[in-house]
Every structure is written in C-alpha cells, then in structure tokens.
Amino acid sequence: MVAFAAEAPAIRAGLFSHYLRPQLVGVPVSILLAWPAVVYLAVRAASLIVDGPLAVAGTAAVLATLADAIVEPRAVAAGAWAYAKMIPGPRLYGVPWWNAAGWLVVVFVTALLPTAV
C-alpha cells in the first residue's frame, strides 16, 4: 500500500509515466508486487547490521535506494517508465535526483511503520 500511496500521486502530478502493464490507477502491478519485497529484504538486512528502529530504518532506506539505483537506469533505458523534466537538477542515466530522495524518505517511513503499532 505504501508503494501505491507514493506512486499514484506522483504519476497524477506528471512526474513520471509507467509503460508496464497491467496497471492499477497508473501504477504497474509488477511495481506493487516488487516494491514490498525490496523494502522487506532491505529491512531484514539492515536489522542484521544495526540495532534500534531509527538505525534500521535509515540503513534500510540506504540499502533499498542503492538497489533501486541499479534497476532504475536499466528500466528507463528499456522504456519501462520515463521521468518528466519539470523538476530541474542533475540526472544520472536519465534518472533524476529526486527519485533517490523519494526512495530514501518512503523506505525510511515504511521501515518505521511496524514500530508505530
């Protein structure tokens, strides 16, 4: 659900477009399935490295963002999705800086959710 809550508004705002099918309100089902797996693995790996909810969440955010940094340029080059040019700033292989910022924030918050219950 967190992936959907983050992706759907960004798509509606025109920040990027997905071309993978099938989709749910513009978000590819494959993204909705893959995203929790990446975050889960990052949280589990982080919990082996550091202690405490904030440290685990921060480390998981970095690990998941690094994993995404491997996938994103290939996906953009393959035409799976494209980023709008409305937000200025650097891009690396077609991926804007704010993609990494988004991953860091969303994974950090997601990793903290179980501790909030």
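The structure under discussion appears in the preceding block.
**Quick word on helix H1 (residues 2-12)**
Turning to step 1, where the next piece is worked out: Among the residues of H1, Ala-3, Glu-7, Ala-8, Ala-10 and Ile-11 are the ones counted as buried.
Turning to step 2, where the next piece is worked out: Those residues of H1 that are buried are in contact with strand S1 (16-18), strand S3 (27-28) and helix H2 (29-49).
Turning to step 3, where the next piece is worked out: Just beyond H1, the residue with positive phi is Gly-14, at close to 80 degrees.

**Quick notes on helix H3 (residues 53-78)**
Turning to step 1, where the next piece is worked out: If you check H3, its first and last C-alpha atoms are 37 Å apart, about what 26 residues at 1.5 Å a residue would give, namely 38 Å.
Turning to step 2, where the next piece is worked out: All of the buried residues in H3 are Val-56, Ala-57, Ala-60, Ala-61, Ala-64, Thr-65, Asp-68, Glu-72, Pro-73, Ala-75 and Val-76.
Turning to step 3, where the next piece is worked out: Next to the buried residues of H3 lie H2, strand S4 (81-83), strand S6 (95-96) and helix H4 (97-116).
Turning to step 4, where the next piece is worked out: Where H3 terminates, the next one or two residues include Gly-79, which has phi positive at roughly 85 degrees.

**Observations concerning the packing of H2 against H3**
Turning to step 1, where the next piece is worked out: Running from amino to carboxyl end, H2 crosses H3 at an angle of 130 degrees, the nearest separation of the two axes being 8 Å. On the basis of their axis angle, the class for H2 and H3 is oblique. In this structure, H2 meets H3 at a crossing whose hand is right-handed. Along the contact surface, H2 presents Val-38, Ala-42, Val-43, Ala-45, Ala-46, Ser-47 and Ile-49, while H3 presents Val-56, Thr-59, Ala-60, Leu-63 and Ala-64.
Turning to step 2, where the next piece is worked out: Split by residue class, the contact of H2 with H3 holds ten nonpolar, two polar and no charged.

**Quick look at the environment of Gly-14**
Turning to step 1, where the next piece is worked out: In this fold, Gly-14 is placed in the loop between H1 and S1.
Turning to step 2, where the next piece is worked out: Taking the C-alpha atoms as reference points, Gly-14 and Pro-96, 82 residues apart in sequence, are found 14 Å from one another.
Turning to step 3, where the next piece is worked out: What Gly-14 contacts, discounting residues up to four positions off in sequence, is Ala-84 and Met-86.

Reading guide: rules and limits
- Residues numbered from 1 in each chain as written.
- Predicted model: local features only at pLDDT ≥ 70, side-chain atom pairs only at ≥ 80, totals over all residues.
- Heavy atoms only, no water.
- Buried < 20%, exposed > 50% of the residue type's maximum accessible area, 1.4 Å probe, protein only.
- Helix = DSSP H or I, 4+ residues; strand = E, 2+ residues; numbered from the N terminus.
- Contact = heavy atoms within 4.5 Å.
- Expected span 1.5 Å × (residues − 1).
- Axes fitted to C-alpha atoms, helices over the stretch in contact; angles between N-to-C directions.
- Parallel < 35°, antiparallel > 145°, perpendicular 65-115°, else oblique.
- Left-handed = near helix turned anticlockwise from the far one by under 90°.
- Nonpolar A, V, L, I, M, F, W, Y, C, P; charged D, E, K, R; others polar.

Honestly, it's all geometry; don't read function into it.
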